[in-house]
Amino acid sequence: MRYFASLIDNIKPTLSGHDTFPLRYGWLKKVHDQIAIQPESEEIENVFSQSTAIADFGVGKNMLNAMRFWSTHTAMIIRDNSAYYNTHPTTIIDEISKDGNVNATKQLNSFYNAENIFADHGLDPYLESPSTIWLLHLCLVTNPNLMTYYWLFNINTKSELSREEFARLLKEFFKDHGLSAPSDSTIKKDIECLIQNYTTKTRKATDDFENVLEGPLVELGLLTRVNKQNIRALRGEKNSLTLHVFVYGLINCWRIHNGAADTLSLEMCTYDECSPGRVFMLDEDAIINYAEQLQDSTYSLTWTQSAGIRQFQITDGSSLDAIFEQCVEHMRNEDYSH
């Protein structure tokens with residue numbers, strides 16, 4: 001059964017809320033800081049709806065909505081009643097109800113949370129490490145609620161798409177799963193926002209400074225604009241994707257599809273929903289390259305090829321949880337060594 005189909009009763013499709021503004025540098029840090037300075041009280045206000053919010057954040061109302069949208073869907077903030085809170089290392093344990101709803105908080109752990117990354121003493125408050133951007137991307141595109149993103153990275157098999165074809169196929173995906181599709185206008189705006197998130201824009205001489213700024217997700221080199229109508233997926237090697245972020249994505253996929261097993265096949269790692277091959281747009285050769293790097297690492301993982309079966313295998317009597325802790329330690333010491 002496809003992963004998306006297995007979650008269908010708990011999915012709440014979200015294609016609006018960003019007001020067509022893509023994620024920008026500084027937004028997640030700004031939201032973190034504004035929430036962090038809120039005075040503690042029994043009735044904490046919604047930081048985004050306070051009378052001083054526009055002045056506090058230094059943006060207009062629509063852009064403020066976008067800051068809230070991206071902070072929520074990267075799991076850097078969570079809402080409790082009317083108030084928003086920064087996520088922290090124990091959020092996943094003590095603050096999130098154990099219901100079946102699908103949301104970004106499923107990606108939270110002791111490493112991936114706002115306090116660990118965006119606090120002043122955090123690992124990467126100003127998004128200087130590509131590894132942080134890869135993890136933010138992973139959170140976005142493995143959330144089935146963000147159906148435009150989920151469909152493009154996990155379901156779509158075409159290397160090149162026009163905007164019109166993208167919209168048509170996405171609407172068919174809604175229909176195939178018994179979901180009511182939003183309006184054509186909403187779909188069009190969400191697709192355009194996705195394209196702006198991941199591709200370099202054609203600049204005009206009349207564009208002001210704000211309009212030519214590109215967001216962090218462009219750095220990943222996942223999509224490119226072929227022309228005014230078409231985009232192309234850039235599948236293959238990703239120079240900024242470290243072995244440790246690859247292993248992080250591998251463990252995420254393993255837990256979703258085969259958590260009780262001590263092996264994961266190359267095919268599943270390359271082609272299944274939420275797999276490293278899908279979310280990082282890696283082909284088999286790129287994945288095998290990471291697999292071979294594991295041989296010289298301290299991970300309790302190995303790459304085996306026997307009788308035509310190519311797979312990752314847990315070694316030393318270890319577990320996915322233990323390997324995840326190895327991964328986090330390596331990222332702290334190497335990806336964030338500065």
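Heads up: the structure comes first, above all this text.
This is a predicted model, so every value here is computed, not measured.

Parameters at a glance
- Residues numbered from 1 in each chain as written.
- Predicted model: local features only at pLDDT ≥ 70, side-chain atom pairs only at ≥ 80, totals over all residues.
- Heavy atoms only, no water.
- Helix = DSSP H or I, 4+ residues; strand = E, 2+ residues; numbered from the N terminus.
- Rg over C-alpha atoms; globule rule 2.2 N^0.38 Å.
- Buried < 20%, exposed > 50% of the residue type's maximum accessible area, 1.4 Å probe, protein only.
- Areas by Shrake-Rupley, 256 points an atom, 1.4 Å probe, with all protein chains shown as cover.
- Expected span 1.5 Å × (residues − 1).
- Phe/Tyr/Trp six-rings, centres within 6.5 Å; stacked < 30°, edge-to-face > 60°.
- Lys NZ or Arg CZ within 6 Å of the ring centre and 35° of its normal.
- Pairing = 2+ DSSP bridges.
- Axes fitted to C-alpha atoms, helices over the stretch in contact; angles between N-to-C directions.
- Contact = heavy atoms within 4.5 Å.
- Polar contact = N/O pair within 3.5 Å; in protein donor to acceptor, adjacent residues only side chain to side chain.

Attention now moves to the overall build of the protein. When helices and strands are counted, the protein shows 16 helices and eight strands. Here the C-alpha atoms of the protein give a radius of gyration of 20 Å, agreeing with the 20 Å that 2.2 N^0.38 yields for 338 residues. With the C-alpha coordinates of the protein rotated into their principal frame, the extents come out at 65 × 45 × 40 Å. In the protein, which comprises 338 residues, the proportion classed as buried is 52%. Roughly 15800 Å² of accessible area belongs to the protein as shown, and the carbon and sulfur atoms make up 47% of that amount.

Here we come to helix α4 (residues 61-73). With 13 residues, α4 ought to run about 18 Å at 1.5 Å a step, and its terminal C-alpha atoms sit 19 Å apart, in line with that. Residues of α4 that are buried: Met63, Leu64, Asn65, Ala66, Met67, Phe69, Trp70, Ser71 and His73. Immediately beyond the C-terminal end of α4, within one or two residues, lies alanine 75, with a positive phi of roughly 65°.

Moving on, we get to the packing of aromatic side chains. If you walk through the whole model with that rule in mind, you get 15 aromatic pairs. Residues phenylalanine 69 and tryptophan 70 carry aromatic rings whose centres are separated by 4.8 Å and whose planes lie at 85° to one another, so their mutual orientation is edge-to-face. Between phenylalanine 153 and tyrosine 198, the aromatic rings sit 5.4 Å apart at their centres with planes inclined by 55°, giving tilted as the arrangement. Remark: tyrosine 198 occurs in helix α10 (residues 184-198) and phenylalanine 153 occurs in helix α8 (residues 147-155); sequence separation between them is 45 residues. Residue phenylalanine 153 shares its accessibility class with tyrosine 198, and that shared class is buried. One Lys or Arg, arginine 255, reaches over the ring of phenylalanine 324 and ends 5.1 Å from the middle of that ring.

With that settled, the discussion passes to the sheet that holds strand β4 (residues 223-225). Each strand in a sheet pairs with another by means of backbone hydrogen bonds, the pair being arranged parallel or else antiparallel. Spatial strand order, β3-β5-β4: three strands in an open sheet with antiparallel pairing. Edge positions in the sheet fall to β3 (160-162) and β4, since each of these pairs with one other strand and no more. Going from strand to strand, the sheet's axes swing by 25° on average, the running direction of each strand aside. Bridging between β3 and strand β5 (residues 230-233) involves three bridges; their strand directions are antiparallel. Paired with serine 162 across the strands is asparagine 230, a residue of β5. Helix-sheet contacts for helix α9 (residues 163-176) involve β3, β4 and β5, and the interaxial angle to β3 is about 90°. Against the sheet, α10 touches β4 and β5, its axis set at about 105° to β4.

With that out of the way, let us pick up the side chain of threonine 14. Secondary-structure assignment places threonine 14 in the loop between α1 (3-6) and α2 (27-36). Among the polar contacts made by the side chain of threonine 14, one reaches the main-chain carbonyl oxygen of lysine 12 at a distance of 3.1 Å. Setting aside residues no more than four positions away along its own chain, threonine 14 makes contact with Phe69, His73, Asn145, Leu146, Met147 and Asp190.

Across the sheet, which stays open at both edges, the three strands sit in the order β6-β8-β7 with antiparallel pairing between neighbours. Only two strands of the sheet have a single neighbouring strand rather than two, namely β6 (263-265) and β7 (301-306). Averaged over all pairs of adjacent strands, the angle between strand axes in this sheet comes to 30°, irrespective of strand direction. Helix α15 (residues 284-294) contacts β7 and β8 (309-314) of the sheet and is inclined by roughly 40° relative to β8.

Once that is clear, we can look at unusual backbone geometry. With a phi close to 65°, cysteine 274 is a non-glycine residue in the positive phi region. Within the fold, cysteine 274 resides in the loop between α13 (266-271) and α14 (276-279). The residue aspartate 316 is not glycine, and still its phi comes out positive at about 60°.

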